[in-house]
Amino acid sequence: PQDSFPCVKEWLQDPNIIVIRFEDLIGPRGGGSLEAQRRIYLTLATHLGYTLTLEQIDEIAKNSFGGTWTFRNGQIEEWKTAYSESNKALFNQLFGWTLVDFGYANDLNW
């Protein structure tokens, strides 16, 4: 049976939860698109009860890429190159179906 991390499918369907994908946040500097970046910042602001202009969204987006101690590379799917084979096997065992649920893989053979 396909077991996912608890509640993932429910989270994806809950209107009170916003799924924010890395590739939508990073924009063109990380291999994403400006349109997706603007859309996710607008969605987040609206969800939190803020009204932002396009200029404000663009300013936030411009200043939200990199520059922190936790920031490693910031490229889409770059995480796969940092995982050893044993890391991949453990992640797949624990959370593999979560990647499928979120649309990052078709099955456990990623």
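If you're wondering where the values come from, they're calculated on a predicted model, not measured in any experiment. (Residues numbered from 1 in each chain as written. Predicted model: local features only at pLDDT ≥ 70, side-chain atom pairs only at ≥ 80, totals over all residues. Heavy atoms only, no water.)

**As for the pattern of salt bridges**
- The full count for this structure, using the stated rule, is three salt bridges.
- The salt bridge partner of Asp58 is Arg38, with a shortest N-O separation of 2.8 Å. Here Asp58, found in helix α4 (residues 54–62), pairs with Arg38, found in helix α3 (residues 34–47); they are 20 residues apart in sequence, far enough to count as distant.
- When its relative accessible area of 26% is taken as the criterion, Asp58 is described as partly exposed.
- For Lys88, the salt bridge is made with Glu85, and the minimal N-O distance between the two is 3.6 Å. Note that Lys88 and Glu85 are positioned in helix α6 (residues 85–101) at a spacing of three residues, about one turn of the helix. (Salt bridge = Lys/Arg side-chain N within 4 Å of Asp/Glu carboxyl O. Helix = DSSP H or I, 4+ residues; strand = E, 2+ residues; numbered from the N terminus. Buried < 20%, exposed > 50% of the residue type's maximum accessible area, 1.4 Å probe, protein only.)

**Overview of the packing of aromatic side chains**
- Applying the stated criterion to the full structure yields two aromatic pairs.
- When the centroid spacing of 5.9 Å and the interplanar angle of 70° are considered together, the rings of Tyr83 and Phe91 count as edge-to-face.
- Here a set of aromatic residues connected by ring pairs shows up, and it is made of Tyr83, Phe91 and Phe95. (Phe/Tyr/Trp six-rings, centres within 6.5 Å; stacked < 30°, edge-to-face > 60°.)

**Focus on the environment of Asp101**
- Looking at the element boundaries, Asp101 is found in helix α6.
- Among the residues examined, Asp101 registers a relative accessible area of 18% and is labelled buried.

**Comments concerning the environment of Ile18**
- Relative to the helices and strands, Ile18 is located in the loop between α1 (8–13) and α2 (22–26).
- Ile18 sits in the partly exposed class, given a relative accessible area of 25%.
- For the pair Ile18 and Ile40, spaced 22 residues apart in the sequence, the C-alpha separation amounts to 9.2 Å.
- Ignoring anything within four residues of it in the chain, the contact list for Ile18 reads Ile40, Thr43, Leu44 and His47. (Contact = heavy atoms within 4.5 Å.)

**Concerning α3**
- Under the 1.5 Å per step criterion, the end-to-end length of α3 is 20 Å for 14 residues, consistent within 8% with the ideal 20 Å.
- Ala36, Gln37, Ile40, Tyr41 and Ala45 are the residues of α3 that are buried. An end-on view of α3 places all buried positions within 165° of arc, on one side of the element. Among the exposed residues of α3, those oriented more than 90 degrees off its buried face are Glu35, Arg39 and Thr46.
- Packed against the buried residues of α3 are α2 and α4. (Expected span 1.5 Å × (residues − 1). Arc of directions from axis to C-beta.)

Distances and angles like these do not, on their own, reveal function.
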